[in-house]
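A closer look at the structure
This is what each chain is made of:
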Amino acid sequence: VLDTPAVPWSQGLALEEEPIRALASRLMTVAAVQEREPRRRIFLSRRSGHRGLRNEKALAAIARGRGLEVIDPSQLSWAEQVRTFAAAQLVVGAGGAVMANYVFMPPGSYAISLISDALDQFVLPAVVANLGGARFRSIVGRANRDLDRSQSRLHWMHGDFRVPERVFESELDLILTELT
C-alpha cells in the first residue's frame, strides 16, 4: 500500500488474497481461537499521535450506551487481539494499524471505520475486512484542518478529525438494527 496522495488508493494497493487468508487462518490457530461465533460488539479506543478522533470519548459513551464494549487494543496482547476480532459481530473504531485485524473477523460481521474526509477513498480497510468475509462501512468525519491550511496533503491526510455525534448515533443504530 502506497502512503502517498500522488497515486489513487485503488491503484496503490496490491495484495494476494489466498496467502493472506492462509496466514490469517494459521495465526488464528497460533492464537488459540476456539470459535468464530460472532457475538461481541466492540468500540475501539485509539491512542495515537496522529489521525486522532478528537471526540472519541463522546462517541465511546454513545457506543457504550448501546451495549458495545470499549476496548483499547494497545492494551491487549497480539493473541488477545486476534481472539477479540475473531469473536466480534461488530467492531467500530478510528482507522489505524489495528484495522489489519479485520481479516480475523467472522463472515457476516461488521467492521466500521471512523475516518476523516481526508481518507474517505482509502480502500485498504474494506479490502482487509472483505478477506475475512466481514461487511465494511465507514463513517466519515471532518478533518480538523482544511487542506489549504495544512503543511502538505500527506499531513492533512494524517491529521485529527471529528465524527459528528448525531451522524455516529444514527449510523450505529442502523447497523445495530441490521444485526438484530
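The structure this text deals with has already been given above.
Conventions adopted
- Residues numbered from 1 in each chain as written.
- Predicted model: local features only at pLDDT ≥ 70, side-chain atom pairs only at ≥ 80, totals over all residues.
- Heavy atoms only, no water.
- Helix = DSSP H or I, 4+ residues; strand = E, 2+ residues; numbered from the N terminus.
- Polar contact = N/O pair within 3.5 Å; in protein donor to acceptor, adjacent residues only side chain to side chain.
- Contact = heavy atoms within 4.5 Å.
- Expected span 1.5 Å × (residues − 1).
- Buried < 20%, exposed > 50% of the residue type's maximum accessible area, 1.4 Å probe, protein only.
- Arc of directions from axis to C-beta.
- Pairing = 2+ DSSP bridges.
- Axes fitted to C-alpha atoms, helices over the stretch in contact; angles between N-to-C directions.

You can see Asp 72 is positioned in the loop between strand E2 (69-71) and helix H3 (78-86). Within the structure, the side chain of Asp 72 is placed 2.6 Å from the side chain of Ser 74, a separation counted as a polar contact. Residues in contact with Asp 72, not counting those within four places in the same chain, are Ser 45 and Arg 47.

Residues apart from glycine generally show negative phi values, whereas peptide bonds are mostly found in trans. One non-glycine residue, Ala 32, lies in the positive phi region at around 60 degrees. Take Ala 32: it is sitting in the loop between helix H1 (17-30) and strand E1 (40-44).

On to helix H6 (residues 165-179). Over its 15 residues, H6 runs 21 Å from end to end, which matches the ideal 21 Å to within 8%, given 1.5 Å per residue. Taken residue by residue, H6 has Phe 168, Leu 172, Ile 175, Leu 176 and Leu 179 as its buried positions. Axial view of H6: buried residues confined to an arc of 100 degrees, hence all on one face. Away from its buried face by more than 90 degrees, H6 exposes Arg 166 and Thr 177. Those residues of H6 that are buried are in contact with E1, helix H2 (56-65), strand E3 (88-94), strand E4 (110-116) and strand E5 (135-143).

Moving on, we come to the sheet that holds strand E6 (residues 161-162). Pairing is mixed across the open sheet formed by 6 strands, whose spatial order is E2-E1-E3-E4-E5-E6. Both outer strands of the open sheet, E2 and E6, are each paired with one neighbouring strand and no more. The pairing of E3 with E4 spans 5 bridges and is parallel. Bridging across to E4, Val 92 finds its partner in Ile 112. Contacting E1, E3, E4 and E5, H6 runs over the sheet at an angle of about 175 degrees to E5.

Function-wise, these values are silent; they only describe arrangement.
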